[in-house]
Amino acid sequence: MTTAVVVGNPKPASRTLSAATYVANQLTGAEPDLVVDLATLGTAVLDWSDETVAGLVGQVGKADLVVFASPTYKAAYTGLLKLFLDRFAGGTGLSGLAIPLMLGGSPAHSLAPELALRPVLTEIGGTVPGRGLYVVDSAFDDPDAYADWLAATTPVVTAVLGARR
């Protein structure tokens, strides 16, 4: 089983990265095999001929489980994450489970993962096992902020990944 994390926060080594890595670890019991912190790629994300980014798209697309994470900007995910997601083929770009995770300043945008990120992940072929996850920024390092979502989603992820083996 291969697990990946893709983070669209424009700030490298962000709270969003910490949250996404935590979720991947909790869902699988292990550290992710691949972590893509898009902020570290710089302008390469804009260059469709960049082989490094193309390679990352290929690796992410083949992963069994991918946590896609972004801060909430204007009630949606970041343009940085959008640039990366645009590289995936429609319907077949992702072959595994896709977890939409967004962080935001208040509960006011708690539907953003469902309304903004989930449709794109399913459009490119991902299977979203349950509802998207929204975490208030101030609680990004509090396990209680994830507990209910993990209790509901982990059994589904475990069952689907077990069936894929």
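Residues numbered from 1 in each chain as written. Predicted model: local features only at pLDDT ≥ 70, side-chain atom pairs only at ≥ 80, totals over all residues. Heavy atoms only, no water.

1. Here we look at a negative patch on the surface
The cut-off we apply is this: Think of a patch as exposed residues, more than 30% relative accessible area, with no salt bridge, where like charges cluster within 9 Å and nonpolar side chains (Val, Leu, Ile, Met, Phe, Trp, Tyr) cluster within 5 Å. Here the Shrake-Rupley method, with its probe set to 1.4 Å, supplies the accessible areas, and only the displayed protein chains count as covering residues. Whenever Lys or Arg places a side-chain nitrogen within 4 Å of a carboxyl oxygen from Asp or Glu, that contact is recorded as a salt bridge. The positive count covers Lys and Arg only, the negative count covers Asp and Glu only, and His and the chain ends enter neither. A charged residue contributes its charge at one atom only: NZ of Lys, CZ of Arg, CG of Asp or CD of Glu. Counting from the N terminus, the helices are DSSP H or I runs at least four residues long and the strands are E runs at least two residues long.
Side chains of Asp141, Asp142, Asp144 and Asp148 sit close together on the surface and give a patch of like negative charge. The topology assignment puts Asp141 in the loop between strand S5 (133-136) and helix H5 (144-164).

2. Things to note about H5
Threshold: In a helix, the anticipated span is given by 1.5 Å times the number of residues less one. Bend, in this description, refers to the angle at a residue between axes fitted to the seven residues ending there and the seven starting there. Using a 1.4 Å probe on the protein chains alone, a residue whose accessible area is under 20% of its type maximum counts as buried, one over 50% counts as exposed, and one in between counts as partly exposed. Pairs of residues are marked as contacts when any of their non-hydrogen atoms sit within 4.5 Å.
Spanning 21 residues, H5 covers 30 Å between terminal C-alpha atoms, matching the ideal 30 Å at 1.5 Å per step. A maximum bend of about 45 degrees is found in H5 at Leu150. Burial in H5 covers these residues: Tyr146, Trp149, Leu150, Thr153, Val157 and Leu161. Buried residues along H5 sit in contact with helix H1 (15-28), strand S3 (65-71), strand S4 (97-104) and S5.

3. Remarks on the environment of Ala30
Checked against the element boundaries, Ala30 lands in the loop between H1 and strand S2 (34-37). You can call Ala30 partly exposed: its relative accessible area is 35%. Linking Ala30 and Ser49, residues 19 residues apart in sequence, is a C-alpha distance of 33 Å.

4. Overview of the nonpolar core
To be explicit about the condition: For this analysis, a nonpolar core means a set of buried residues of the types Ala, Val, Leu, Ile, Met, Phe, Trp, Tyr and Cys, connected via side-chain atoms within 4.5 Å.
In terms of nonpolar packing, the biggest core is built from 32 residues, with Val6, Val60, Phe68, Phe84 and Leu85 touching the most fellow members. Counting residues per element, the ones that place at least two in this core are strand S1 (3-7), S2, helix H2 (51-62), S3, helix H3 (79-85), S4 and helix H4 (112-123). Top contributing element to this core by residue count: H4, with five residues. In this view, Leu85 contacts Phe68, Tyr77, Leu117, Val120, Leu121 and Ile124; residues no more than four positions away in its chain are not counted. Ala19, Leu97, Ile99 and Tyr146 belong to the second-largest nonpolar core, a separate cluster that totals 22 residues.

5. So, the sheet that holds S1
The test is simple: Criterion used throughout: strands pair if DSSP finds at least two bridges between them. The convention used is that axes are lines fitted to C-alpha atoms, helices contributing only their stretch in contact, and that angles between N-to-C directions extend from 0 to 180 degrees.
Strands sit in the order S2-S1-S3-S4-S5 across an open sheet of five strands; the sheet is parallel. This sheet does not close on itself; its edge strands, each paired only once, are S2 and S5. Across this sheet, the average inter-strand angle for adjacent strands is 15 degrees, counted without regard to direction. For S1 and S3, the ladder comprises five bridges, and the chain directions are parallel. Opposite Val6, over in S3, you have Phe68 as the bridge partner. Its contacts with the sheet place H2 against S1, S2 and S3, and it is angled at close to 130 degrees to S2. The strands that H4 touches are S3, S4 and S5; relative to S4, the one it contacts most, it runs at about 145 degrees.

Nothing here speaks to function; it is all geometry.
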